[in-house]
Amino acid sequence: MSSFLLLHGWQNRRPPAHWQHWLAGELTARGHTVEYPQLPDPDCPHVDAWLAELQTRLTALPGPHRTVLCHSLGCLLWLNAAARSAVPVPVDRVLLVAPPSREVTLRNPEIAAFALPPALTADHLRSAATHTRLIGTDNDPYCPPGPEAAYGRPLAIPTTVLAGAAHLNIDAGYGPWPSVLDWCLSPDADHPITHRPPL
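One structure accompanies this document, and this report is about it. All figures in this text were calculated on a predicted structure; none of them were measured in a lab.

1. Describing the pairing of strand E4 (residues 93-97)
And step 1. Counted residue by residue, E4 has five buried out of five residues, so it is predominantly covered.
And step 2. Covered by surrounding structure in E4 are Arg93, Leu95 and Val97 together with Val94 and Leu96, the residues of both alternating faces.
And step 3. As a crossover connection, the stretch from strand E3 (residues 66-71) through helix H3 (residues 73-83) into E4 is right-handed.
And step 4. With five bridges joining them, E4 and strand E5 (residues 131-137) adopt parallel strand pairing. Considered in E5, the bridge of Leu96 is made with Leu134.

Below you can see the structure in the form of C-alpha cells.
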C-alpha cells in the first residue's frame, strides 16, 4: 500500500467541497494511509511552523511508497522544504498543483516568506523526491506567467497545463477529480492527469 500526504494552501480550512478533501476520503476508503493535516494559522501562515508540520506528518507515513500532493501555497511549502534539504524521509512522488508565482506571493505580505527560494535548483527537487510533477493552468490569477515559465522550465519539472481551469480550486469546480485519484493509484508516475468531469 502507498501512503499520502496532502498539503493545502493559504486561507484553506480543508472544506469538504475541495478536491483534496474528496481525494483523502477516496484514498482512505481504499485502505491507504493518508495524512491531510490542518496546517496552523492558515490566514497568516509561518513557513517554519508549516515546515515543522510537514516533517512531522511525513515522518509518520509508512514507506516505501510515499506520495505528497500539494495545492497552491502547499506547493511553495514543499519547495521551501526541498531548498532547505529538510525532507526527512524518502519520497517517491510529488504532485504540485497550481503554485502561485513568486511575484504574486511577494505582493501578499501574509505569505511573502513562502516565495520561491532563489537558491532552489532542480537538484534539490531530485534529492527531495524521485518523481516531481507540476499541474497548472493557462489562466490562473495567482500565476500570471503560467506554470511552465514560473516553475516548469527553471526547475526542470514535467508540466501539464489544463486550459481554462483557473486555480484548480472550489471556485473552478474542482471537487471530485477522478484523474488525480487514478494517478495516485497508478504505478506510473507519468500517468495522465486531465480536467475534472464536466459539472
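There is more to say, and it comes next.
2. Some words on the packing of aromatic side chains
Note on aromatic pairs: each is described by the distance of the centres and the angle between the planes.
And step 1. In total, this model carries three aromatic pairs according to the counting rule given.
And step 2. Geometrically, the ring pair formed by Trp50 and Phe114 is edge-to-face, given 5.3 Å between the ring centres and 70° between the ring planes. Of the two residues, Trp50 sits in helix H2 (residues 47-60) while Phe114 sits in the loop between helix H4 (102-107) and helix H5 (122-128), which places them 64 residues apart along the sequence.
And step 3. Taking the relative accessible area as the measure of exposure, Trp50 reaches 0% and is therefore buried.
And step 4. Aromatic rings pair up to connect Trp19, Tyr174 and Trp177 into one cluster.
And step 5. Sitting above the plane of the Tyr36 ring, Arg14 keeps its charged end 5.7 Å from the centroid.

3. Regarding the environment of Gly164
And step 1. Along the chain, the position of Gly164 falls in the loop between strand E6 (159-162) and helix H7 (178-185).
And step 2. When the C-alpha positions of Gly164 and Cys75 are compared, they lie 20 Å apart, and in sequence the two are 89 residues distant.
And step 3. Ignoring anything within four residues of it in the chain, the contact list for Gly164 reads Asp138 and Asn139.

4. Some words on the sheet that holds strand E2 (residues 33-35)
And step 1. Read across the open sheet, the six strands follow the order E2-E1-E3-E4-E5-E6; overall the sheet is parallel. The open sheet has two edge strands, E2 and E6, and neither has a second partner. Across the sheet, the mean angle from the axis of one strand to that of its neighbour is 15°, orientation sign disregarded.
And step 2. Together, strand E1 (3-7), E3, E4 and E5 form the strand contacts of H7, whose direction differs from that of E4 by roughly 165°.

5. Thoughts on H7
And step 1. What H7 keeps buried is the set Ser179, Val180, Leu181, Trp183 and Cys184.
And step 2. On the buried face of H7, the contacting elements are E1, helix H1 (19-29), E3, E4 and E5.

6. Concerning the side chain of Ser179
And step 1. Turning to its location among the elements, Ser179 is positioned in helix H7.
And step 2. Setting aside residues up to four positions removed in sequence, Ser179 forms contacts with Pro192, Ile193 and Thr194.

Quick notes on the rules
Residues numbered from 1 in each chain as written. Predicted model: local features only at pLDDT ≥ 70, side-chain atom pairs only at ≥ 80, totals over all residues. Heavy atoms only, no water. Buried < 20%, exposed > 50% of the residue type's maximum accessible area, 1.4 Å probe, protein only. Helix = DSSP H or I, 4+ residues; strand = E, 2+ residues; numbered from the N terminus. Right-handed = clockwise from strand over helix to strand, strands pointing away. Pairing = 2+ DSSP bridges. Phe/Tyr/Trp six-rings, centres within 6.5 Å; stacked < 30°, edge-to-face > 60°. Lys NZ or Arg CZ within 6 Å of the ring centre and 35° of its normal. Contact = heavy atoms within 4.5 Å. Axes fitted to C-alpha atoms, helices over the stretch in contact; angles between N-to-C directions.

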